[in-house]
Amino acid sequence: MSLQYEAFSLQKKDNSEEEYEDAYSIKKLSDSDSNLEYRFSVADGATESSFARIWAELLTEGYSEGSNIEELQKKWSEQIDSMELPWYSKEKAEQGAFAAFLGVSITGGEESDSNRWEAMCVGDCCMFHIRANEIIDSFPLKTSAEFDNSPALLCSKAMPKQSVPEFVTHKGNWLKGDSILLMTDAIASWFLNRIENKIDSIEMVFNLTSQEQFQELVSTERDAKDENDVPLLKNDDVTIVKIRF
Amino acid sequence: MPYIAEISRTHPSCFVFLIDQSGSMQDPFGSLTGTKTKAMGVADAINRLLQNLVIKCTKSEGIRNYYYVSVIGYGGKGVSPAFTGALKGKDMVPISEIGNNPAHLEERKRTVEDATGNMVEQTFKFPIWFEPVSYGGTPMNSAIQKATSNVVNWLAEHPNCFPPIVINISDGESTDGDPFQSAYDLMTLSSSDGEVLLFNLHISSSNHRPIEYPDNPEHLPDQQAKLLFSMSSTLPEYMRNMVEKEGLNVSYNTRGFVFNADLVSVIRFLDIGTRPSNMR
């Protein structure tokens, strides 16, 4: 019954690979016919904060390992405190790093109703549940118009309660042949927008089999403009995790 | 749809700050009897603006040159680049050089709210680039013309950039003629992404309450405030929305003008990628 998965990622155009600030993690806990259990996650470090990549990586790895957020915040602070930093980096770090996060746990067994997924997220990373080439579930955002530049995000520093965003959760059942896609915001917004414009982006994503093809798709869509001269794909880090049952 | 150009290291934008260093800046700031002078108010404002801009451009590996910055002083010694020390005489400086070359770092204390809601004291290093200066006349007209010349040069090399922002910090008492026409000439320059933005921070001895982003000159306390208001750009739509989100009333005539108030919000309005709504 094993599932297949692959991940693609690319940094913002004109940035170096080290400046990629998304992260993803895939954890296989069990993969037998009677007991299937996986954890997948993506995170998107916010451009305006610094040390966001470390934070995005801690969040995805922490989800795989079942850590709580306080432990991850502590690890982030320890890493930053161990560095010798100039005044501006210290001040910036004082504001904390920010990231959007989405994790999905997948379980399955011999009983068909045990094939389930459970997702949790903060911010605008998205997951899409696809059956027979149609999106049957989209979480947490459902249309490209819902993306904006300032969602509330997870902070690497403990904040006063009123500023801490709540995790949103969602769940569903999967069937053999279904797919789940996890995406960070820019590519998720592009994905929905293409479908809204009757372009089969599901097919485009399913057809990807190599990093080269992914880079080509991203580069073409970043260069293409809509009728308002706005790029179809916003120039940002992009990450996709594809899961096929 | 103007003011949407991406600000990046390959597509940087520019800031020009004009700082009033004239004799009238010896007068008290924010009241007629206080001990803080307007010159101190100006120095504090420019240091805070630069500090915020540097931090805005700071990423894990250091400061990214999203901006080039010019600081022009005007006063008894005429109109000239105002940096001292390693940056002395430089007209247009990449933001990373500014961050790495403050005249000195001052240890300051602040109170911050911790995760449990308690207020705790914290020490931090505050960069000082400018000390208070007050001497001679106020050649604001020439200063604006100098800003125009810097902006014209910048636009020739960066015709598609996010429009340059010019911030004038002054008490508004020009001594080399009415600066309105010069300001108008500057505000009507543009890149392909929109017109140059001229904002004014009025530092006054008046004890009138601070005023932020007004849309009407009628209730401004004096002639200088009305003049500086008249030579401030109306806010582009996206900035207007951000001002509104901060709880202020806005209209199509809301201008980039503040009176004895903080203009650091302008730095917050700069869009260089995703900004979390809960980031302070």
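Residues numbered from 1 in each chain as written. Chains lettered and ligands numbered in written order. Predicted model: local features only at pLDDT ≥ 70, side-chain atom pairs only at ≥ 80, totals over all residues. Heavy atoms only, no water.

(A) Region of interest: the overall build of chain B. Check the secondary structure of chain B and you find seven helices and 14 strands. Over its C-alpha atoms chain B spans a radius of gyration of 18 Å, differing by no more than 12% from the 19 Å that the globule rule assigns to 280 residues. Here the C-alpha coordinates of chain B stretch approximately 50 × 45 × 45 Å along the principal axes. When the 280 residues of chain B are sorted by exposure, 52% land in the buried category. Sequence-distant contacts in chain B: of pairs separated by 6 or more residues, those separated by 24 or more amount to 74%. Of the roughly 11,800 Å² of accessible surface on chain B, a fraction of 49% belongs to carbon and sulfur atoms. (Helix = DSSP H or I, 4+ residues; strand = E, 2+ residues; numbered from the N terminus. Rg over C-alpha atoms; globule rule 2.2 N^0.38 Å. Buried < 20%, exposed > 50% of the residue type's maximum accessible area, 1.4 Å probe, protein only. Contact = heavy atoms within 4.5 Å. Areas by Shrake-Rupley, 256 points an atom, 1.4 Å probe, with all protein chains shown as cover.)

(B) The arrangement of the environment of N168(B) in detail. Residues and elements named next belong to chain B. Here N168 is to be found in strand 9 (residues 165–170). On the basis of relative accessibility, which here comes to 0%, the residue N168 falls in the buried class. C-alpha separation for the pair N168 and I46, spaced 122 residues apart in sequence, amounts to 9.8 Å. Setting aside residues up to four positions removed in sequence, N168 forms contacts with L18, Y74, M140, F199, N200, L201, L228 and M231. Separated by 2.6 Å, the side chains of N168 and Y74 make a polar contact. Looking at N168, its side chain comes within polar contact range of the side chain of N200, at 2.9 Å. (Polar contact = N/O pair within 3.5 Å; in protein donor to acceptor, adjacent residues only side chain to side chain.)

(C) Quick peek at the confidence of the model for chain B. The pLDDT averaged across chain B works out to 91; a share of 96% of its residues lies at or above 70. Both scores are available for the predicted complex, with the pTM at 0.84 and the ipTM at 0.89. (pLDDT = per-residue confidence, 0-100.)

(D) Just the state of the cysteines, in detail. Residues and elements named next belong to chain A. Applying the stated criterion to the full structure yields zero disulfides over all chains. Of the cysteine sulfurs around C126, a residue in no disulfide, the closest is that of C121, at 7.4 Å. Taking the relative accessible area as the measure of exposure, C126 reaches 0% and is therefore buried. (Disulfide = S-S within 2.5 Å.)

(E) A look at helix 6 (residues 211–223) of chain A. Residues and elements named next belong to chain A. Under the 1.5 Å per step criterion, the end-to-end length of helix 6 is 18 Å for 13 residues, consistent within 8% with the ideal 18 Å. Listed in full, the buried residues belonging to helix 6 are F214, L217, V218, E221 and R222. Along helix 6, the residues classed as buried sweep out an arc of 125 degrees about the axis, all on the same side. For helix 6, exposure combined with an orientation more than 90 degrees from the buried face picks out E212 and E216. Of the surrounding secondary structure, the elements contacted by the buried residues of helix 6 are strand 1 (4–10), helix 4 (185–196), helix 5 (201–206) and strand 11 (238–244). (Expected span 1.5 Å × (residues − 1). Arc of directions from axis to C-beta.)

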